[in-house]
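# A look at the structure
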Amino acid sequence: MVDSQPVKVAVIGAGNIAREHIRAFSDISGVAVSGIFSRTRSKAENLAAEMGIAKVCGSIEELKAVSQAQIVVSAVDVISMPKVIMECLDHDWLLFVEKPPSLYLEEASVIREAAIAKGKDIRIAMNRSFYSTTRMVLSEIGRVDGRRIIMVE
């Protein structure tokens, strides 16, 4: 028997990277973005309206309860990331974190040890620090006909 219930994803953050994660998850059959939380509620409300997310929450705890998500994506700024990760570790969901999890190795080590102690797995996104550069390069490549040589470092 196949489970017909969608996998539910919640999102923390309401910036451009959060929007891209929502777009990506929304394109996957059997996945639904079921809630969003941002420290700036108006940004979360605007993104929810734009992306068709029904639940805008006022805290991470409310997000977990209301969204009933199995997965949470933390797409907040790097300064806020450690606190958000530590709070997310208190809930039963797979944690997907936009990079980096911390600015400091010591803080990242504390996060890692807390995750291990709680039996949690943290998935960290690949580096897109230069996402705008990547978009510009892709645009330039699209304008070139014929063969091209591309070097990526």
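Provided above is the structure to which this section pertains.
One structure accompanies this document, and this report is about it. (Residues numbered from 1 in each chain as written. Predicted model: local features only at pLDDT ≥ 70, side-chain atom pairs only at ≥ 80, totals over all residues. Heavy atoms only, no water.)

On the surface, Ile79, Leu103 and Tyr104 cluster together to form a nonpolar patch covering roughly 360 Å² of accessible area. On the basis of relative accessibility, which here comes to 51%, the residue Tyr104 falls in the exposed class. (Patch = residues over 30% accessible without salt bridge, like charges linked within 9 Å, V, L, I, M, F, W, Y side chains within 5 Å. Areas by Shrake-Rupley, 256 points an atom, 1.4 Å probe, with all protein chains shown as cover. Salt bridge = Lys/Arg side-chain N within 4 Å of Asp/Glu carboxyl O. Buried < 20%, exposed > 50% of the residue type's maximum accessible area, 1.4 Å probe, protein only.)

A word on helix H5 (residues 105-117). Counted at 1.5 Å a residue, the expected span for H5 with its 13 residues is 18 Å, and the 18 Å between its end C-alpha atoms agrees. Taken residue by residue, H5 has Ile111, Ala114 and Ala115 as its buried positions. An end-on view of H5 places all buried positions within 100° of arc, on one side of the element. Looking at H5, the residues exposed on the side facing more than 90 degrees away from the buried face are Leu105, Glu106, Val110, Arg112, Ile116 and Ala117. Gly119 sits one or two residues past H5 and shows a positive phi near 65°. (Helix = DSSP H or I, 4+ residues; strand = E, 2+ residues; numbered from the N terminus. Expected span 1.5 Å × (residues − 1). Arc of directions from axis to C-beta.)

Here we take up the sheet that holds strand S1 (residues 7-12). Read from one edge of the open sheet, six strands run S3-S2-S1-S4-S5-S6, paired in parallel fashion. If you trace the sheet from one side to the other, it starts and ends with strand S3 (56-57) and strand S6 (122-124), each paired once. Sheet topology note: the strand S2 (residues 31-37)/S3 ladder contains two bridges and is parallel. Following the sheet pairing, Ile36 is matched in S3 by Val56. Sitting on the sheet, helix H1 (residues 16-26) is in contact with S1, S2, strand S4 (71-74) and strand S5 (94-97), with an inclination near 155° to S2. (Pairing = 2+ DSSP bridges. Contact = heavy atoms within 4.5 Å. Axes fitted to C-alpha atoms, helices over the stretch in contact; angles between N-to-C directions.)

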